[in-house]
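Here's the letter readout for the chains.
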Amino acid sequence: MTTRLEHNAAATRYEIHIDDTLAGYADYSERTLGDTRVRDFQHTLTFPEFRGRGVAAELIEFALRDARENDFAIIPTCWYVEKFIAEHREYADLVA
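Residues numbered from 1 in each chain as written. Predicted model: local features only at pLDDT ≥ 70, side-chain atom pairs only at ≥ 80, totals over all residues. Heavy atoms only, no water.

As for the environment of Phe84
So, point 1. Mapping Phe84 onto the fold places it in helix α2 (residues 79-87).
So, point 2. Overall, Phe84 belongs to the buried group, its relative accessible area being 4%.
So, point 3. The contact partners of Phe84, leaving out residues within four places of it in the chain, are Ala57, Ile60, Glu61, Leu64 and Tyr91. (Helix = DSSP H or I, 4+ residues; strand = E, 2+ residues; numbered from the N terminus. Buried < 20%, exposed > 50% of the residue type's maximum accessible area, 1.4 Å probe, protein only. Contact = heavy atoms within 4.5 Å.)

Comments concerning the pairing of strand β2 (residues 13-18)
So, point 1. Taken across its six residues, β2 has six buried, putting it largely inside the fold.
So, point 2. Of the two faces of β2, the one lined by Arg13, Glu15 and His17 and the one lined by Tyr14, Ile16 and Ile18 are each fully buried.
So, point 3. In this antiparallel pair of consecutive strands, strand β1 (residues 3-8) and β2, the connection spans four residues, and Thr12 shows a positive phi of 45°.
So, point 4. Note that β2 and strand β3 (residues 21-33) share six bridges and pair antiparallel. Bridge pairing links His17 to Leu22 in β3.
So, point 5. Here β2 folds back onto β3 in antiparallel fashion, the turn holding two residues, of which Asp19 has a positive phi close to 50°. (Pairing = 2+ DSSP bridges.)

Notes on the side chain of Asp66
So, point 1. Within the secondary structure, Asp66 is located in helix α1 (residues 55-69).
So, point 2. Under the relative-accessibility criterion, Asp66 is labelled buried at 15%.
So, point 3. When near neighbours in sequence (up to four residues on either side) are disregarded, Asp66 contacts His7, Tyr14 and Arg39.

Looking at the packing of aromatic side chains
So, point 1. Here the structure, examined in full by the defined rule, presents seven aromatic pairs.
So, point 2. Centroid distance Trp79 to Tyr80: 5.7 Å. Interplanar angle 85°. Geometry classified as edge-to-face.
So, point 3. Residue class for Trp79 comes out exposed when judged on its relative accessible area of 61%.
So, point 4. Members of the aromatic cluster, each reached through a chain of ring pairs, are Tyr14, Tyr28, Phe41 and Phe62.
So, point 5. A cation sits over an aromatic face here: Arg13 above Tyr25, 4.3 Å from the ring centre. (Phe/Tyr/Trp six-rings, centres within 6.5 Å; stacked < 30°, edge-to-face > 60°. Lys NZ or Arg CZ within 6 Å of the ring centre and 35° of its normal.)

A closer look at the sheet that holds β2
Paired through their backbone hydrogen bonds, the strands of a sheet run either parallel or antiparallel.
So, point 1. Read across the open sheet, the five strands follow the order β1-β2-β3-β4-β5; overall the sheet is mixed. Two strands bound the open sheet, and with one partner strand each, they are β1 and β5 (73-76). Between one strand and the next, the sheet's axes are offset by a mean angle of 25°, whatever the strand orientation.
So, point 2. Direction of pairing for strand β4 (residues 36-46) relative to β5: parallel, over a ladder of four bridges. When the bridges of β5 are listed, Arg39 appears paired with Ile74.
So, point 3. Where α1 meets the sheet, its contacts fall on β1, β2, β3, β4 and β5, and the angle it forms with β2 comes to roughly 135°.
So, point 4. Docked against the sheet, α2 engages β4 and β5, running at close to 115° with respect to β5. (Axes fitted to C-alpha atoms, helices over the stretch in contact; angles between N-to-C directions.)

Here is the structure:
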């Protein structure tokens, strides 16, 4: 089983592919708050056949690391992103 994570900037979402099949994604929108660039994570989806395997957690961790590396703050509108950050406090500093 191979896992591929990617930032699909054209679709404003992060994607996770398992064996070349789209397993889930996290949608966001971008905006600027003052001098801060922000990605508002609005929705995370894992397709039913991939649920229960930690797919969403792997995807969100990738998205948050990418946001940090590219100097974005985040807004966790999506309940799952909010929960992930609450459980992984090392990403709390990203919240705008």
